[in-house]
Amino acid sequence: MERKLMSELLKWKNKRSRKPLLLEGARQVGKTYLLKDFGARYFNNVAYINFQNPGVELIDLFHGTIEPKRIITMLELYLNIKILPSKTLLIFDEVQEVPRALTSLKYFYEDAPEYHIVSAGSLLGIFLHKETSFPVGKVNTLKLEPLDFEEFLWANRRENIITFLKSNPFETTFNEILSDLFKQYVYIGGMPEAVADWIENQNIESINAIQGEILENYRKDFSKYTDNTTAIRIRQIFDTLPAQFAKKNDKFLYGTIKSGARAREYETAIEWLTGAGIVRRVNQVICGNKIPLKSYVNPSSFKLYFVDIGLFRSLAQIPFEVINSKTAIFNEFNGLVAEQFILQQLAKYTLFYWTGGETSEIDFVVQYASEIVPIEVKSGMNVKAKSLKLFREKYAPRTSIRFSLNNTKSESSLLNISLFSVFLCEPLLNYSSEKCVK
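Every chain's residues receive numbers from 1 upward, in the order its sequence appears when written. At least 70 in pLDDT is required for a residue's local features to be given in this predicted model, at least 80 for side-chain atom pairs to be given and counted, and no such filter applies to totals for whole chains, interfaces and linings, which use all residues. With hydrogens and water set aside, each side-chain value is computed from the structure's full complement of heavy atoms.

1. Notes on the sheet that holds strand E1 (residues 21-24)
The strand order across the open sheet built from five strands is E2-E3-E4-E1-E5, with neighbouring strands paired in parallel fashion. Of all the strands in the sheet, just strand E2 (45-50) and strand E5 (140-143) have a single pairing partner and so form its edges. Within the sheet, the average angular offset between the axes of one strand and its neighbour, ignoring direction, is 20°. Strand contacts of helix H5 (residues 99-111): E1, strand E3 (88-93) and strand E4 (116-121), with the helix running at about 145° to E3, the strand carrying the most contacts. Two strands make a pair as long as DSSP finds a minimum of two bridges between them. Each helix is a run of H or I in the DSSP string that is no shorter than four residues. Each strand is a run of E no shorter than two, and both are numbered from the N terminus. Orientation is described by axes fitted as lines to C-alpha atoms, over the contacting stretch for helices, and by angles from 0 to 180 degrees between their N-to-C directions. Contact between two residues is taken to exist if any of their heavy atoms lie within 4.5 Å; hydrogens are not considered.

2. Quick look at the nonpolar core
Counting residues in hydrophobic clusters, the biggest one holds 107 residues, and the most contacted among them are Phe149, Tyr218, Trp272, Ile278 and Phe306. Each residue touching Phe149, except ones within four places of it in the same chain, is listed here: Leu178, Leu181, Phe182, Tyr185, Phe341, Gln345, Phe420, Val422 and Phe423. Within the second largest apolar cluster, 25 residues are counted, among which are Leu58, Phe62, Leu90 and Leu124. Nine residue types can take part in a nonpolar core, namely buried Ala, Val, Leu, Ile, Met, Phe, Trp, Tyr and Cys, and a core is a set of them joined through side-chain atoms within 4.5 Å. Throughout this description, buried means an accessible area under 20% of the type-specific maximum (1.4 Å probe, protein chains only), exposed means over 50%, and partly exposed covers the range between.

3. Describing the pattern of salt bridges
Salt bridge criterion: a side-chain nitrogen from Lys or Arg within 4 Å of a carboxyl oxygen from Asp or Glu. The final tally for this structure, using the stated rule, is 17 salt bridges. Among the ionic pairs, Lys11 bridges to Glu8, the shortest N-O distance being 3.4 Å. One end of the pair is Lys11 and the other is Glu8, both in helix H1 (residues 5-14) and three residues apart, which spans about a single turn. Assessed through its relative accessible area of 51%, Lys11 is described here as exposed. Judged by relative accessible area, which is 32%, Glu8 ranks as partly exposed. One salt bridge in this structure joins Lys303 and Glu361, with 2.4 Å as the shortest N-O distance. You can see Lys303 sitting in strand E7 (residues 297-306) and its partner Glu361 sitting in strand E9 (residues 360-368), a full 58 residues away along the chain. Both residues of the pair, Lys303 and Glu361, count as buried.

Pasting the structure below:
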């Protein structure tokens with residue numbers, strides 16, 4: 001399956017000031033497949049090392065001197081392959097399992113920058129927050145997310161529709177096709193194994209089994225990589241996420257985990273889940289017209305969303321019949337399924353949310369270049385709400401976005417974008433920004 005990050009990998013390959021690359025991402029989002037595909041396309045050969053279950057000889061290799069020339073020579077003998085600068089892609093997979101291998105990236109940067117070396121790991125986000133012996137600034141980083149809706153459409157061979165709509169964003173000819181694929185995506189999500197299985201087999205039970213296995217693998221990681229107390233708290237947060245969505249809250253409520261729960265008890269557990277890429281934390285901002293937005297965060301108010309809408313649906317046990325109905329899906333969890341969907345599509349941006357008083361809330365606020373853009377997500381076709389109107393009156397943003405089930409259209413500085421045309425968001429934002437400048 002084609003991934004957008006492939007173009008970023010190619011840019012990295014061709015950079016003159018290239019550093020060793022760290023590819024982060026939650027478990028089973030397709031990191032290994034992407035890197036092997038990248039190597040097969042753009043290099044003569046690939047030297048692949050998986051540290052998940054390393055042999056004794058591989059661990060011993062990194063117990064010694066981690067000078068690049070020695071490592072290259074020993075890996076050539078271990079893999080029975082020639083590792084050549086500019087021609088071989090060297091992949092260290094699940095590199096966090098052998099910290100000395102992670103440390104060696106520093107020396108590849110300093111002493112052997114001619115080699116193309118990529119390291120990947122499902123829990124890199126956690127390990128990099130701990131004390132490590134390689135300094136910041138010695139690596140480039142990228143993050144792989146589950147397939148977004150546009151990549152899902154690519155996998156379903158609908159590239160022509162996307163291309164057409166990006167040139168004709170207000171056309172409605174393909175709405176029915178996109179609506180059906182949108183429902184499929186909400187159920188299946190963007191985990192590559194689930195998407196590939198659906199395209200080949202179109203079997204709901206198979207999708208349920210795959211998603212259940214991924215969720216169980218996440219649970220196993222809780223115990224494997226943390227102490228018992230932290231593992232219990234991580235599991236409590238993980239399993240009660242649907243309950244957080246069941247009420248329209250303006251922030252994460254610890255009382256939903258258990259009666260009397262306090263923030264200080266669960267801070268480490270939340271950090272672990274976000275570091276592992278399993279949940280996304282969206283912080284509240286207290287001001288909607290000053291940049292950078294991150295300087296105006298209220299650290300005590302935040303929301304947690306899941307890494308993938310299909311996995312969230314599985315965790316929440318939403319049946320296919322609800323997804324396949326016209327509007328029932330958006331009645332579940334007070335419309336927050338739609339928020340989960342939009343958050344996943346905009347994962348490359350740092351998103352915040354804003355509240356104004358007790359009843360006004362903007363679902364997401366993003367800093368786009370030098371502009372602040374409020375984003376309202378409506379769960380159906382009724383788009384009447386006071387919150388976006390209040391925000392626009394208070395801060396006068398150049399551009400505002402509203403996602404709903406209505407057709408895509410532009411009303412002055414307000415972009416109304418159909419949920420299943422979410423891939424038009426960036427092109428329309430660019431067009432709107434250019435128009436404002438002119």
